[in-house]
Amino acid sequence: MAVTERLQHRAEQLAAALPPLLVASERVAATIAQGVHGRRRVGLGETFWQFRRYQPGDPVRMIDWRQSAKTQAVFVRETEWEAAQSIWLWRDASPSMHYRSRKDLQDKSEHADMLVLALASLLIAAGENVALLGTGHLPTSGRMAYNRFCHAVLAEVTETEGLPAIELLPRHGHVVWVGDLLAPLDDIKARMAAYVSRGVHGHLVQVLDPAEETLPFKGRIRFQGLEGEAPTLIGRTDTVREEYAERMTTHQAGLKDLARIFGWSYAVHRTDRPPQTALLALYMALARIAGS
Amino acid sequence: MLALGPIAFASPWILLALALLPILWRILRVIPPAPRQLRFPAIRLLYDLRQQEQTPAKTPWWLILLRVILATLIILGLAHPLLNPSGRLPGSGPMVVVVDDGWAAARDWPQRQRTLADLVDRAERDQRPVFLVTTSAQTGETPARATGPLRAAEARGAAQALLPKPWGTNRKATLAAVERLPIQGSAHAMWLADGLDDPDAKALAERLQRFGSLTVIQDGPRALPRVLRPPERRAGDLVAVAERVDPSGEERRWVRALGTDGRLIAREPLVFADGENRATSRFNLPTELRNDIARLDIEDETTTGAVVLLDERWRRRPVGIVSTTGFDASQPLLDAHHYLDRALSPFSEVRRGGATDLLKRELAVLALPDVGQMAPNDRDAVDSWLKDGGVVLRFAGPLLAGGGDDLVPVRLRRGDRALGGALSWAKPLPLAQFDPGSPFHGLSVPPDVLVSRQVLAEPALDLGDKTWARLVDGTPIVTAEKRGQGWLILVHTTSNAEWSNLALSGLFVEMLQRIVGLSRGIAGSSGDAALPPLETLDAFGRRSAPPPGVLSLPRGGVDATVGPHVPPGYYGNDLARVALNMSSDLKALAPLDRLPSGVLHGAYVGAREVDLRPWLMTAALLIGLADVLIGLALRGLLPIGQGAAAAMLALAVFVAVPRAEAQSFGQTPSFSQMPRAQVQRAPTSGADAFAMSAALQNKLAFVRTGNAQLDEVSRAGLQGLAGVLVRRTSVELIEPMAVDIEADELAFFPLIYWPITPEQPLPSSQAIGRLNIYLRNGGTILFDTRDQADIPTEVGGGGPGAQRLRQLVRGLEVPPLAPVPPDHVLTKAFYLLQDFPGRFAGGTVWVERREGSSEVSPVIIGSNDWAGAWAVGPNGRPLFAVVPGGKPQREMAFRFGVNLMMYALTGNYKADQVHVPAILERLGQ
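Please read all numbers here as calculations on a predicted model, not as lab measurements. (Residues numbered from 1 in each chain as written. Chains lettered and ligands numbered in written order. Predicted model: local features only at pLDDT ≥ 70, side-chain atom pairs only at ≥ 80, totals over all residues.)

1. What to know about the overall build of chain A
Of the regular secondary structure elements, chain A holds eight helices and nine strands. For chain A, buried positions account for 32% of its 292 residues. A sequence separation of at least 24 residues applies to 72% of the contacts in chain A between residues at least 6 apart. (Helix = DSSP H or I, 4+ residues; strand = E, 2+ residues; numbered from the N terminus. Buried ≥ 20, exposed ≤ 12 C-beta atoms within 10 Å, placed from the backbone. Contact = placed C-beta atoms within 7 Å.)

The following block contains the structure:
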């Protein structure tokens, strides 16, 4: 009894927190769904795709009798190819994601959550199986799967590491990593290699605050990390801006190289841009892989 | 002391530190500002950038400037700058400060004290001892005081404790005190003079000058105090005289009369004309109000010289003259009241009437000129009033001589004694000098006052004690007896010139004044006891409890001179008090201008020395606070940007600007500054709303009967009539209005239509009253009984409406009525009509029966139910059929309505004969 009540209470709490983010992510997803349609291929599925003249060899039960009765010829009903993929999504929940450089921006974590949720919404609508990496859930499909996914994303989990833990995933699975990916390149490479070794395809989405790309500060500043890094004092921040930008470019180039080596995709999303762009790119990448 | 124009520095060597400011500037530029704290996720990418140049970011220039200003302010503040420095005192040796602290100094005492404090400050800076000499004695002390030598701190305390005294200065005693000062060598003397001259002023100035040098500080003669002398009574008014020293220029002031409780009774202008140093203001008030006046003062004048306390001597005492016959205006000189009236009215209020009537009001003296036997109830009333403290003054005459009552102080012989008649060898006798025990003592007896006839007292043992005045042969001519609290006085001769010429003499007036003065008030204080101080005035003219050391006034001490032992104020007890005023024996004021040559002059006005150190230090503190805030903001520890920090800097600088020191010394608020009684705006009530809607445009009105259906008919009828009036005539009407005669104001309506129903409630008496007012002021009411019955003249007849009408109008001022005569204005006000049909035809219409009257009949009564005929529905069709019927009848009904409205609005000028020819012509005759 008490357990039920507690669950209920927790569910209500979650429900109270859900709507704004869910609505936002659904809205983001809706704009994408208008632009992308199905697999556009004949295959196994439930959605009607086309009528085709009966050809010898077609199974008789594929004949659409109603359509055939309207004309002289006999027609076969073909459905759109719908193959369910299993996709594990991950978003960075470490403290470094809770950052914004200006008041009019949103936290990086908020953008990451939104991207993941919207992507999940899209994938589930397309019939894929989706799970949040790190929770141990099996990828499932359907509305209930989305709900469970939402709960998993919105549960207040704080990771200390900016990279996903190594999990044994089935072969030919897909992973999507959304995070700031500011960890050293070697760490990222090791982690990716662990997944790739099991034949897992992946997609990297780097979510960055604009300040992290441009370093727009001036003057004498003592920088402090968000994950317990040692502070550092820069005498004149404006003088190191170019060098910093160079380093960031190097880092991103490294990530890009890693993605290319392992056959993953890589995209950068800045929090001052609308999330639709990133989502579209991500979805296209997923669709291409799923379709290939 | 370093002086730079109006600013001087008391510790100028600290200014050397200003040379360090450029060094400070350099140092501040070299020291980097504290780093901002910033959280940054991509910190790992920043780690190895340390090899970059470490040239620190510069502190912004404006922040350095702010800090340099801060340092400058602190240095300047420590140097102790003074605005308007007073400079050094002249001369050397100790400073002798002579302070006039008489009443005249109270006028601007705070200024004097500031000047004194400044002097003490300067003496302190020069480290010179101070001798403080005051020219007025302390309360209860005789000599003026000199204290010293004092150190500056002691002198400051003594100066702050100084208060002006409510009496004058005694410069002779001051001179003696100055002589005794233990001063060797030279000294500098400062005399804070009150600006008034006296015989010893010059000697004092010369003595002070002999110390070394003398500075006399005084204001010009215009700033000297004004003096208000005790008022005189002239022809029943109080006339107050005020004086000033400088006669040039016109000056307008006010004299206030205040009651015992401090409330303002009257306020009269006081205008000093150009070239005059005297001005008068006259108070003409009802006796009761005048007797309430306890104090006169000149408004906004803060010395006791401008305050006059009033006591019984200024009260007008009402005197009643018992007069049963009335005033015989044809032969006033023979009248017994005439001389009394003339003698009393300059200083008393005289009333005439029966004794009982007179005693109903407050009265001081009751005069009975030659009354023989009084009516018993009058006599009892007079007797009881007498025993309660009244003064009854009787005069003899033929009636009293013929037989009096017992309301006389001595037993009288019947008959009178004639002196110097045709059959007598005795001559008329003059009055003897008054005895010392008599209230008349001191009055001079003119030798030509002769008494030729008098009534005689029976000899008795106490006759001598009761006698206040005698003839030269010793016969009592005025006797008196104390009865209860009051006095019964008999003058043994007449109050007119019949028996003696006493009534023609000035002595008569003076005797009457003394007698009136005996009445309550003075009578109570006529004992031998000294008068203890009751309430005294201080130098500012404020009432206070008497300070210790004040002596009692001796008996008759009204003429005592104000001094340290007897400050001005009230003496006596609560029942009888005597006012002692300072201005009553003040000599004429003269300005202090006869000073020896070589005296330095100064004035009280002038820029005060202002110490700028606290202001500078406050500014430095504020800038320091601003610096801290800006520092925090620059390090990112405040949630604001740089723009806000700059704004805060501006704010800090603005706040730090020293503001002018507000000066407000205890000015006693004058009555002119007091808020007057606030006129409260009544909230717009329902009555107001009714008046607004009723008054803005002409409209017809009908009385709300309580019968909704009937009211609706009335409304529709008047609406129909209004439509006809607007169409056919120049009368502009809007929607008719229902009025409630119990509540609504009727004055707005020229005509009120009042349909009668048998069940209508009777109006209340208030409503009747208001209807009467309405009718009296030109309103017209059309009563409509609506029962088609003739209203007969005799009581009891008529239809139910007529009967109810009779009950309704009971109490209403209905004039005599008559059927409308054929030539009445109603028949020709607009249309020519002879009958006045409504729904019904034929009923008689009654109007006021008045021949040649030029007024509108206030009441018109009929039974034809006109509203029914006028009533039109919303579609413009009539609501009711007319009986017997036909369009002509309805048209005639409307014509009656038009005539009626014209009659009510324009009056009856149509009755004028001027129109007769035109009307005859139209009638074709």
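Structure shown, so let's carry the discussion forward.
2. What to know about the overall build of chain B
Each helix and strand in chain B was counted, giving 22 helices and 41 strands. Burial statistics for chain B: of 925 residues in total, 39% are counted as buried. A separation threshold of at least 6 residues defines the contact pool for chain B, and within that pool the share at least 24 residues apart is 75%.

3. Overview of the nonpolar core
Residues and elements named next belong to chain B. Membership of the largest hydrophobic core comes to 78 residues, with the highest contact counts inside it found for V96, V97, W191, L208 and L228. Split by domain, the residues of this core number at least three in each of domain 2 (95-223 + 590-608) and domain 3 (225-310 + 531-588). In contact with V97, not counting residues within four places along its chain, are L116, L119, V130, F131, L132, V133, M190 and L192. (Core = buried A, V, L, I, M, F, W, Y, C linked by C-beta atoms within 7 Å. Domains from an automatic or database assignment.)

4. With respect to the packing of helix α3 (residues 108-125) of chain A against helix α4 (residues 143-154) of chain A
All names here are of chain A. α4 packs onto α3 with a crossing angle of 170° between their chain directions and a minimal axis gap of 10 Å. Judged by the angle between their axes, α3 and α4 are roughly antiparallel. For the pair α3 and α4, contact is made by D113, V116, L117, A120, S121 and I124 and by A145, Y146, F149, C150 and V153, respectively. Its residues assigned to classes, the contact of α3 with α4 comprises nine nonpolar, one polar and one charged. (Axes fitted to C-alpha atoms, helices over the stretch in contact; angles between N-to-C directions. Parallel < 35°, antiparallel > 145°, perpendicular 65-115°, else oblique. Nonpolar A, V, L, I, M, F, W, Y, C, P; charged D, E, K, R; others polar.)

5. Observations concerning helix α5 (residues 185-196) of chain A
Residue and element names in this part refer to chain A. For α5, spanning 12 residues, the distance from its first C-alpha to its last is 16 Å, which sits close to the expected 16 Å at 1.5 Å a residue. Of all the residues in α5, the buried ones are I188, M192 and Y195. On an axial view of α5, the arc spanned by its buried residues comes to 55°, and they lie on one face. Exposed residues lying more than 90 degrees from the buried face of α5 are D186 and A190. Close packing links the buried residues of α5 with β5 (174-179), β6 (201-208) and α7 (241-262). (Expected span 1.5 Å × (residues − 1). Arc of directions from axis to C-beta.)

6. A few points about the environment of T59 of chain B
All names here are of chain B. Note on placement: T59 falls in the loop between β3 (36-39) and α2 (61-78). Look at T59 and you get partly exposed, because 19 C-beta atoms sit within 10 Å. Sequence separation of T59 and L28 is 31 residues, and the distance between their C-alpha atoms is 7.6 Å. Excluding anything up to four places from it in sequence, T59 contacts L28, R29, P33 and I64.

7. Things to note about the sheet that holds strand β14 (residues 264-272) of chain B
Residues and elements named next belong to chain B. Overall, antiparallel pairing links the four strands, which are arranged β14-β13-β16-β17 in an open sheet. Whereas interior strands pair on both sides, the edge strands pair on one side only; in this sheet they are β14 and β17 (307-309). This sheet shows a mean twist of 20° between the axes of neighbouring strands, independent of strand direction. Summarising the sheet, strand β13 (residues 251-259) and strand β16 (residues 293-298) pair through five bridges and their orientation is antiparallel. Across the sheet, residue R256 finds its bridge partner in β16, namely D297. (Pairing = 2+ DSSP bridges.)

8. Observations regarding the sheet that holds strand β20 (residues 365-369) of chain B
Backbone hydrogen bonds are what pair the strands of a sheet, in a parallel or an antiparallel way. All names here are of chain B. In spatial order, the strands read β19-β18-β20-β21-β28-β27-β26; together these seven strands make up an open sheet with mixed pairing. This sheet does not close on itself; its edge strands, each paired only once, are β19 (348-353) and β26 (467-470). With strand direction ignored, the average angle separating the axes of adjacent strands in the sheet is 15°. In this structure, strand β27 (residues 476-483) lies alongside strand β28 (residues 486-491), joined through six bridges in antiparallel fashion. The residue of β28 that forms the bridge with A480 is I489. On top of the sheet, helix α13 (residues 506-518) reaches β18 (317-322), β19, β20, β21 (391-395) and β28; it is set at about 150° to β21, its chief contact.

9. Description of the interface of chain B and chain A
The interface of chain B with chain A comprises 22 residues on the first partner and 27 residues on the second. Two elements, strand β7 (residues 221-224) of chain A and β3 of chain B, share four bridges in a ladder whose sense is parallel. From the neighbouring strand, R222 of chain A faces β3 of chain B, where its bridge partner is Q37 of chain B.

10. Examining unusual backbone geometry
Not every positive phi belongs to a glycine, and L181 of chain A is a case in point at roughly 50°. If you trace the backbone, L181 of chain A turns up in the loop between β5 and α5. A count of 24 C-beta atoms within 10 Å places L181 of chain A in the buried class. Positive phi is not limited to glycine here, since D300 of chain B has a value of about 65°. Inspection of the secondary structure puts D300 of chain B in the loop between β16 and β17. With 17 C-beta atoms counted inside 10 Å, the residue D300 of chain B sits in the partly exposed group.

11. Examining helix α21 (residues 887-906) of chain B
Residues and elements named next belong to chain B. Relative to the 28 Å expected for 20 residues at 1.5 Å per residue, α21 spans 28 Å between its end C-alpha atoms, a close match to the ideal helical length. Counting buried residues along α21, 14 of its 20 residues qualify, which places the element largely inside the surrounding structure. At the C-terminal side of α21, G907 shows a positive phi close to 75°.

12. Observations regarding the pairing of β14 of chain B
Two strands pair when backbone bridges link them, and β13 of chain B and β14 of chain B are joined in this way by eight bridges, in the antiparallel orientation. Following the sheet pairing, W254 of chain B is matched in β14 of chain B by P269 of chain B.

13. Here we look at the packing of helix α17 (residues 708-728) of chain B against α21 of chain B
Residues and elements named next belong to chain B. Look at α17 against α21: their axes get within 10 Å of each other, and the N-to-C directions meet at 75°. The orientation of α17 relative to α21 falls into the category roughly perpendicular. Along its contact with α17, which presents L721, V724, L725 and R728, the element α21 presents F894, G897, V898 and M901. Considered class by class, the residues forming the contact of α17 with α21 number six nonpolar, one polar and one charged.

14. Considerations on the confidence of the model for chain A
Detailed conclusions should not be drawn from predicted coordinates in areas where pLDDT is low. All names here are of chain A. Scored by pLDDT, chain A has a mean of 79; 80% of the residues are at 70 or more. Ranking the elements of chain A by mean pLDDT puts helix α1 (residues 2-35) last, at 54, and helix α2 (residues 65-70) first, at 91. A low-confidence stretch, residues 14-19 stays under pLDDT 50, and its non-local contacts, those more than four residues away or across chains, total five contacts. (pLDDT = per-residue confidence, 0-100.)

15. What about the environment of T160 of chain A?
Of note, T160 of chain A is situated in the loop between α4 and β5. The spacing of T160 of chain A and P95 of chain A is 65 residues in sequence and 7.2 Å in space, taken between C-alpha atoms.

16. What about the environment of D121 of chain B?
Residue and element names in this part refer to chain B. The residue D121 is located in helix α3 (residues 109-126) in this model. Under the C-beta neighbour-count criterion, D121 is labelled partly exposed, with 17 such atoms within 10 Å. Counting along the chain gives 488 residues from D121 to E609, while the straight-line C-alpha distance between them is 9.9 Å.

17. A look at the confidence of the model for chain B
Residues and elements named next belong to chain B. Per-residue confidence for chain B gives a mean pLDDT of 79; residues scoring 70 or more make up 85%. Taken as a whole, residues 521-527 scores under 50 in pLDDT and shows 12 contacts with residues more than four places along the chain or in a different chain. pLDDT under 50 marks residues 655-683. Its contacts with residues more than four places away, or in other chains, come to 18 contacts. At the level of chain-chain contacts, confidence expressed as ipTM amounts to 0.71, with global pTM at 0.43.

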